[in-house]
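For reference, the chains in residue letters:
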Amino acid sequence: MSKTDLRGAVAGRVLLPGDDGFEQAARPWNLSVEQRVAAVVEAAHADVAAVVRYAAEAGLAVSAQPSGHGASGDADGVVLLRTRRLGGVEVHGEERVARVGAGVTWGETLAAAGPLGLTGLAGSNPVVSVTGYTLGGGLSWFGRRYGFAADSVRAFEVVRADGEPATVTAASDPDLFWALRGGGGDFALVTAVEFDLHPAPALYGGRVVWPGDRAREVFETFREITFDAPDELSVWFNRVRLPQAPPLVTLDVTYLGEEGDGRALLARLDKIGDALSDSRRPVAVADLGAVTAEPTDPVPTRSRAELLTGLDDEVAGILLDTPAEPVVGVQLRHLGGALAAARPDGGPSGPVTEPYLLSTFGLALNPELSAAVGARQRRYAEELGERVGGRKPYTMLGAGERAAAAFTGPDLARLRAIKRARDPHGVIRANFPVLG
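Caption draft 1: Up close: the packing of aromatic side chains. Overall, the coordinates contain nine aromatic pairs when judged by the stated rule. Centre to centre, the rings of Phe222 and Tyr356 are 5.9 Å apart; their planes meet at 55°, and the pair counts as tilted. Linking Phe222 in helix α8 (residues 215-227) with Tyr356 in strand β19 (residues 356-363), this pair joins segments that are 134 residues apart in sequence. Relative accessible area serves as the criterion here: at 8%, Tyr356 is assigned to the buried category. Where Tyr394 meets Phe407, the ring centres are 5.8 Å apart and the plane angle is 35°; that geometry is what we call tilted. Placement of Tyr394 in the loop between α11 (367-384) and α12 (409-422) and of Phe407 in the loop between α11 and α12 is noted, with a sequence separation of 13 residues between them. You can call Tyr394 buried: its relative accessible area is 9%.

Right under this line is the structure:
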């Protein structure tokens, strides 16, 4: 079966190497990641099963990406399924449930849920797809209160590796349901997700920015606030040094509650002088992405994450007193709360007992700069030594890493057994395959 037969099998647009627009269609959101795919299909709903059946007959694999966030570069020879056209947002306010298609973003979802006083467990970037994020676990602003996004899923609508559609729930298929709730999209192609929404009648948050020479004072305040923060409060520390710009230090915050209570919890921030800006205010759920104002257009970057067992003075010295260049961003997220709690009904993402997540990133404008960024990130991990946890969240894996880094030994073994049973011929391939 030739690649050109694919055009006859689906209704959506098919692009093959050499076609106008192929290179752009195959490109992931992170422009530093190369994807040497065999074809790109911009899928309509009916196309997903047809593409899976085609790939199985042709001896190929299928990888689904709405826009390519989280791409690992492990996509050589796959049929790349762009799922952006799989839209549709349904919000049922009384039941506190949403159903979204595989191409729907968090920005679209929160715009529908927010006016009802509800929220999904979204991250910081509104253009990330709900489905891809959730399949990787989903580390939310509100994870300390409600856990991983994947743990709020009620049902997945999928196409199995044999090309047959199915609805997967805890009752209908416990093993596959468990694997999809944070094990990555390596077990079936998900076309829609149904999940619980959570109350958000009031939301307060924003970013405070100081000059870089206030980093130590801001860090100490971050450490104090997070020592006894309620689960409704999330605080992220950022040390930022963009090219040809002065160094900055910021705190990003969200609080699931009223402005007055949020300001009281964060009163220590007002004692730090020289703030350059302070955007803290009541925030509409639909505007959650404005808290960090992360880039929504594709950029070439290199990132790496580590879980940290604590923030002692030696960690402070490593992160604050040594030059970060060519890394341009050093971020600490406070975890804990529901993320650390064992859940009998939870997926493979948790519990995460480490209280902090370190994320570093740099620009990867060329291979030399990318290599230098990677070397600096490795040195951070080496210098932190035993303070680095034994694994990292799947949703934070970077290009070149493996799924095995995200799971405990028993969970990884279970995921691999499910993969072999449900997709013995490797028709479905996630960004980070569990058998990789």
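What follows continues from the structure just given.
Caption draft 2: Spotlight on the packing of helix α10 (residues 313-320) against α11. Where α10 meets α11, the axes come as close as 10 Å, and the angle between the chain directions of the two elements is 165°. Comparing the axis directions of α10 and α11 gives the class roughly antiparallel. The element α10 and its partner α11 pack so that their crossing is right-handed. For the pair formed by α10 and α11, the contact residues are Val315, Ile318 and Leu319 on the first element and Tyr380, Glu383 and Leu384 on the second.

Caption draft 3: Looking closely at the pairing of strand β5 (residues 89-92). Here four bridges tie β5 to strand β6 (residues 97-101), and the two strands are oriented antiparallel to one another. In the sheet register, Val89 faces β6, and the bridge partner there is Val100. Remark: four residues form the turn of the hairpin made by β5 and β6, two consecutive strands paired antiparallel; Arg96 in that turn has positive phi of roughly 55°.

Caption draft 4: Quick peek at the side chain of Thr360. Looking at the element boundaries, Thr360 is found in strand β19. The exposure class of Thr360 is buried, given its relative accessible area of 3%. Dropping the residues within four chain positions of it, Thr360 is found in contact with Arg302, Ser303, Arg304, Val327, Gly329, Val330, Gln377 and Tyr380.

Caption draft 5: Inspection of the pattern of salt bridges at higher detail. Summed over the entire model, instances satisfying the criterion amount to 32 salt bridges. The partner of Asp231 in a salt bridge is Arg144, and the shortest N-O contact between them spans 3.8 Å. In this pair, Asp231 is assigned in the loop between α8 and β13 (233-240) and Arg144 in helix α6 (residues 143-146), connecting sequence segments 87 residues apart. One salt bridge in this structure joins Arg280 and Asp270, with 2.9 Å as the shortest N-O distance. Here Asp270 lies in the loop between α9 (259-265) and β15 (277-278) and Arg280 lies in the loop between β15 and β16 (281-282), a separation of 10 residues in the sequence.

Parameters and conventions
- Residue positions are counted from 1 within each chain, in the order its sequence is given.
- Only residues with pLDDT of 70 or above have their local features reported here, since the model is predicted, and side-chain atom pairs are shown and tallied only from 80 upward, although totals for entire chains, interfaces and linings are computed over all residues.
- Values reported for side chains reflect all heavy atoms of the structure, with hydrogen atoms and water molecules removed beforehand.
- Geometry of aromatic contacts follows a simple scheme: Phe, Tyr and Trp rings, the Trp one being its six-membered ring, pair when their centres are within 6.5 Å, and the pair is stacked under 30 degrees between planes, edge-to-face over 60, tilted otherwise.
- Elements are defined by DSSP. Helices are runs of H or I of four residues or more, strands are runs of E of two residues or more, and each kind is numbered from the N terminus.
- For every residue, the accessible area (1.4 Å probe, protein chains only) is compared with the maximum for its type, and the residue is labelled buried under 20%, exposed over 50%, or partly exposed between those bounds.
- Every axis corresponds to a line fitted to the C-alpha atoms, with the helix fit spanning only the stretch in contact, and the corresponding angles, defined between N-to-C directions, vary from 0 to 180 degrees.
- For this classification, under 35 degrees means roughly parallel, over 145 means roughly antiparallel, 65 to 115 means roughly perpendicular, and everything else is oblique.
- The crossing is said to be left-handed when, going from far helix to near helix, the turn is anticlockwise and less than a right angle, and right-handed when the turn is clockwise.
- For this analysis, residues touch if any pair of their heavy atoms sits within 4.5 Å.
- By this definition, two strands are paired if DSSP reports at least two bridges between them.
- Put simply, a salt bridge is a Lys or Arg side-chain nitrogen that is within 4 Å of an Asp or Glu carboxyl oxygen.

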